[in-house]
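What the coordinates show
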Amino acid sequence: MTALLTIIIVLFVAVAIWQMVKIFDLAQVRTDTSDSGIATDHDNNINGYLMLGFLVFIYVITIICFVKWGDLPLVYNAASEHGSRIDNLMIISMLVIFSVQTLTQFLLYYFAFKYRGEKGKKALYFADNNTLEAIWTIIPVIVLAGLIIYGLFTWTSIMNIDEDADPMVVELYAQQFNWTARYAGQDNVLGMANVRLIDIDKANVLGVDEADPNAQDDIVVKELHLVVGRPVMFVMRSQDVLHSAYMPHFRAQMNCVPGMITKFGFTPTVTTKEMRENPDMIDKIQRINNIRAEKSTALVAEGKETLDPYEFHYLLLCNKICGKSHYNMQMNIIVETQEEFDAWIKEQKTFKSSMTQFIGEDPLPLADKSMEQITE
Amino acid sequence: MSTHAVDTHAHDDNHGHHHKETFVTKYIFSQDHKMIAKQYLITGTIMGVIGVIMSLMMRIQIAWPEEPNVLFEALLGKWAPGGVMDADIYLALVTIHGTIMVFFVLTAGLSGTFSNLLIPLQIGARDMASGFLNMVSYWLFFLSSVIMIISLFVEAGPAAAGWTIYPPLSALPMAQGGSGMGMTLWLVSMAIFIASSLLGSLNYIVTVINMRTKGMSMTRLPLTIWAFFVTAIIGVVSFPVLFAAALLLIMDRSFGTSFFLSDIFIQGEVLHYQGGSPVLFEHLFWFLGHPEVYIVILPAMGLVSEILATNARKPIFGYRAMVASILAIAFLSTIVWGHHMFVSGMNPFLGSVFTFTTLLIAIPSAVKAFNWITTIWKGNLQMNPAMLFAIGFVSTFITGGLTGIILGDSALDINVHDTYFVIAHFHLVMGISALYGMFAGIYHWYPKMFGRMMDKNLGYIHFWVTAICAYGVFFPMHFIGMAGLPRRYYTNTAFPLFDDLADVNIVITVFALIGGVVQIIYLYNFFASMFIGKKAVQNPWRSNTLDWTTPVEHIHGNWPGEIPHVYRWSYDYSKPGHDEDFVPQNVPLKEGEEELQH
């Protein structure tokens, strides 16, 4: 209904604009050139002032955006070690951008206003100036050199995963339209896996090689738990189409590509509990819950169920178009202390114990397919 | 000079044609570049209307998710049961909107129109090097447009894998309904489109190199021609690579090859594909895909340079630097494609290389922006609608271009990749900017195309409302992008975390609807002026280029007599020592007058 109303309003605006045009037409002083389609001094004047007005509009919309929607949770409050490095680079880049934007837009629109045309005036014949050209070539070169060097150092430090730090290895497995995680278990080595080994009957949904000794202690779960302060290395796979594992709070993203393994590593620094107590986050969640409460009242009026109040969770989203339910492919991430993590992981079934449910005591000789067979 | 002899000959040929011209040869299978330009423009306009309506439907869905809407019911039919948009068709709208706007409107509609119209007229040629190939080029474009439209009506829905059609999503009909017949038609349509584009580009290149009139050296070419010329070269270099990618994808889809597919388990079965890589497709796609954005923006830059100088009554500032930056942008555009793939899983070292080359593009872009600003400094600005759009172009190009510094930086891209930040960036820098360039060109050369003037007051309203709406739509989008909202989401309601972005999305949609509706004023102005517009004079904007020396009524061969000779560059506006504030290129130097050395 609101949509319909808006469309009607837009149509009214259109009619209003139409009427304004008529006024514009009637207000024209009828001279020889007034209806020739070529700008007169009168037009130059009006549009010159509008240029100035538009400059103000750009500044105002910038300020409004910053004030209203500028609580950029993705520019500060990073929840990972490398995240704050990205945030610093982001803030520096934004400062550069906004100063250039403010200055150049001012020059453009101010000149457009100041030098609006007048009959009989002659423009300055000024076609070239090597000094000026040099200035605005060299200044961007210097600024960009700085940004490039800073950016490349940051990028390299993020992408070069330090294997010596003994990161916890976790497989992120994507499929239309959900995520699964596989922990490497005691040995911290993931068992081999391939989609050709998927056996739905045995609930081996990730195609883990039942014959691989490393696979026996793997743990397959639907919720991602990370340990605060402990590096984690994600090994990503997809079984069908491209997906992208996007974890905005950790400033982490990597595509999941069928037929190949991609990796991304980081160290979480803020537990879920701590993030929920962060004042900025409390504000944001409060805002969200006010909106949800408002919506709920409307829903109750319609006789529908209310929305649950929202509690903050770190999120894993899919960020590469992957089909119909792309918009709802998500998994919660919980960052906790080592003790909490240990307690949680102990309750999860290992791959071996989930297999024995189907095939008895010892799974090794009974596997119908293994990595060796399919790679032959 | 030998070229001159060829010109006279061509003129005789065309003169012969003139007598046996029928309705079909004049309006339909025309080989006259001016008519072909108009055909491109009108086809592009029709496609543009479709593309814009699609974007408005997406915006309504995002602002009021899953609410019934009469518009959806009317336009989407079975895809909007009860007026509620289906998730599949949302992705199809995303895909077809992108495809239509990038290729059919801003490549064919912009470059096709103005390259065809202006290359022969501004370099002093009777027509394109090959009128026949030019005609074939248009009709292939028309055919590909028709196929693209037909693809909207197939049973399982149109292509819906995004305009980038990454496999496996685009390769497997079981992954998505749109990847069946819809995708087949998409690929066929694009293959024909590429053929059309290549024929056009080759024609432009040959014409610019071989058919310039006497005295029209490369350094006297208007910047429009430089832009079209270099655009055509980029097209010839990069479009065939997309053709190859499309062909290989067709092989994977229909003949069981595994170029892009490997290890796939879908709907309970393992597929036979092994050894291919979707990342290979991404490389091939973006090898065209990135140069493509310069194919879109360079012609707009050329038009804007010309229009700014003419209406500022002032020479373009730094002609040599402008040409050099066009060449630099063209060169760099072919070695930056990997910045679309920082998180694709390719080697991070490659990411470093592409960050470096990408950020370098900011340098020639900055030079151009400052030169445009200096061009209007101390000018005598004639605020015609074309001039407003040209100034608007510089503004949105700067706003949109600056955020490229963030997206081109691999470390920062990790977090804003594929969010609304990207949408805001590229819509401003290549969508809105290129559209402004196109509008500027249409308002400016309308008298040349149709012999009549467009209504300037409607033009003013069109510009100011569009300008406000363009910023109103895309500026806030940066912020929801930085809040982590991914693009191509049918609705954001699945994530309570994004609930507080609902109000921004409504604001954006309202701006989009107003901006969309105001284009009706433009369409009315465009079509009605053909019949009721005031008759144009020969050189209404008092411009220097050769196109304004041809008669208002179109004739085959462009000039009734000999082709004018050129004695100076095209930017002698307000030159001291002349009474008028413009000196056309075909006016010989006065005694003792020096030509500006550039």
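Looking at an unreviewed UniProt entry, one finds chain B named Cytochrome c oxidase subunit 1, with Gelidibacter algens as its source organism. Check the Subcellular location (unreviewed entry) section of the UniProt entry for chain B; it says "Membrane". Heading Sequence similarities (unreviewed entry) of the UniProt record for chain B holds this comment: "Belongs to the heme-copper respiratory oxidase family."

Chain A has the name cytochrome-c oxidase in an unreviewed UniProt entry, where Gelidibacter algens is given as its organism. Under the heading Sequence similarities (unreviewed entry), UniProt records this for chain A: "Belongs to the cytochrome c oxidase subunit 2 family." Taken from UniProt, the Subcellular location (unreviewed entry) comment for chain A reads in full: "Membrane".

A tally of regular secondary structure across chain A gives nine helices and ten strands. Across the 376 residues in chain A, those meeting the buried criterion constitute 38%. Looking at chain A alone, contacts between residues at least 24 apart form 68% of all its contacts between residues at least 6 apart.

Residue and element names in this part refer to chain B. With 35 residues, helix α9 (residues 278–312) should cover 51 Å at 1.5 Å per step; its first-to-last C-alpha distance of 50 Å lies within 8% of that length. Along its length, α9 shows its largest kink, about 30 degrees, at W286. Counted residue by residue, α9 has 31 buried out of 35 residues, so it is predominantly covered. Two residues or fewer past α9, R313 is found with a positive phi of approximately 55 degrees.

What follows covers the pairing of strand β7 (residues 252–256) of chain A. Residues and elements named next belong to chain A. Of all five residues making up β7, five are buried, and the element is well covered by its neighbours. With burial as the criterion, each face of β7 is covered, one bearing A252, M254 and C256 and the other bearing Q253 and N255. Bridging between strand β6 (residues 243–247) and β7 involves five bridges; their strand directions are antiparallel. Directly across from Y246, in β7, lies its bridge partner Q253. As consecutive antiparallel partners, β6 and β7 are separated by four residues, and within that stretch R251 has a phi angle of approximately 55 degrees, a positive value.

Cross-referencing UniProt, the feature "domain: Cytochrome oxidase subunit I profile" (unreviewed entry) maps to residues 23–567 of chain B in the present numbering. A distance of 38 Å separates the end C-alpha atoms of residues 23–567 of chain B, which is 66% helix and 1% strand.

The subject of this paragraph is the UniProt feature "transmembrane region" (unreviewed entry) in chain A. Residue and element names in this part refer to chain A. Per the UniProt entry, the sites bearing "transmembrane region" (unreviewed entry) are residues 6–27, 48–69, 89–113 and 134–153 in this numbering. End C-alpha to end C-alpha, residues 48–69 measures 31 Å, and it is 100% helix and 0% strand. Counting secondary structure, residues 89–113 comes out at 100% helix and 0% strand; the distance between its end C-alpha atoms is 36 Å.

Our focus in this paragraph is the interface of chain B and chain A. The interface of chain B with chain A comprises 130 residues on the first partner and 117 residues on the second. With 16 residues, the top contributor of residues to the side of chain B that touches chain A is helix α17 (residues 456–482) of chain B. Looking at the side of chain B that touches chain A residue by residue, the classes come out as 84 nonpolar, 30 polar and 16 charged.

A word on unusual backbone geometry. Geometrically, the link from Q176 of chain A to F177 of chain A is a cis peptide bond, its omega value of -5 degrees lying close to zero. Here F177 of chain A lies in the loop between β1 (168–175) and β2 (178–183). Cis geometry marks the peptide bond from P167 of chain B to P168 of chain B, where omega comes out at 0 degrees. Within the secondary structure, P168 of chain B is located in the loop between α6 (131–150) and α7 (181–210).

With that settled, the discussion passes to the sheet that holds strand β10 (residues 330–336) of chain A. Paired through backbone hydrogen bonds, the strands of a sheet run either parallel or antiparallel to each other. Residues and elements named next belong to chain A. Spatially, β4-β10-β9-β6-β7 is the arrangement adopted by the five strands of the open sheet, whose pairing is mixed. Two strands lie at the open edges of the sheet, namely β4 (224–227) and β7, each paired on one side alone. Looking at each pair of strands side by side, their axes are set apart by 20 degrees on average, direction ignored. Pairing of β4 with β10 involves four bridges; the strand directions are parallel. From the neighbouring strand, L224 faces β10, where its bridge partner is I333. Helix α7 (residues 338–347) rests against β4 and β10 of the sheet, and its axis sits at about 145 degrees to β4.

Moving on, we come to the sheet that holds β1 of chain A. Residues and elements named next belong to chain A. The strand order β3-β2-β1-β5-β8 describes an open sheet built from five strands, whose pairing is mixed. Whereas interior strands pair on both sides, the edge strands pair on one side only; in this sheet they are β3 (219–221) and β8 (262–266). Ignoring which end each strand starts from, the neighbouring axes of this sheet average 25 degrees apart. Bridging between β1 and strand β5 (residues 232–238) involves seven bridges; their strand directions are parallel.

Rules used throughout
Residues numbered from 1 in each chain as written. Chains lettered and ligands numbered in written order. Predicted model: local features only at pLDDT ≥ 70, side-chain atom pairs only at ≥ 80, totals over all residues. UniProt positions renumbered as here; feature names shortened; annotations may be inferred. Helix = DSSP H or I, 4+ residues; strand = E, 2+ residues; numbered from the N terminus. Buried ≥ 20, exposed ≤ 12 C-beta atoms within 10 Å, placed from the backbone. Contact = placed C-beta atoms within 7 Å. Expected span 1.5 Å × (residues − 1). Bend = angle between axes of the 7 residues up to and from the residue. Pairing = 2+ DSSP bridges. Nonpolar A, V, L, I, M, F, W, Y, C, P; charged D, E, K, R; others polar. Axes fitted to C-alpha atoms, helices over the stretch in contact; angles between N-to-C directions.

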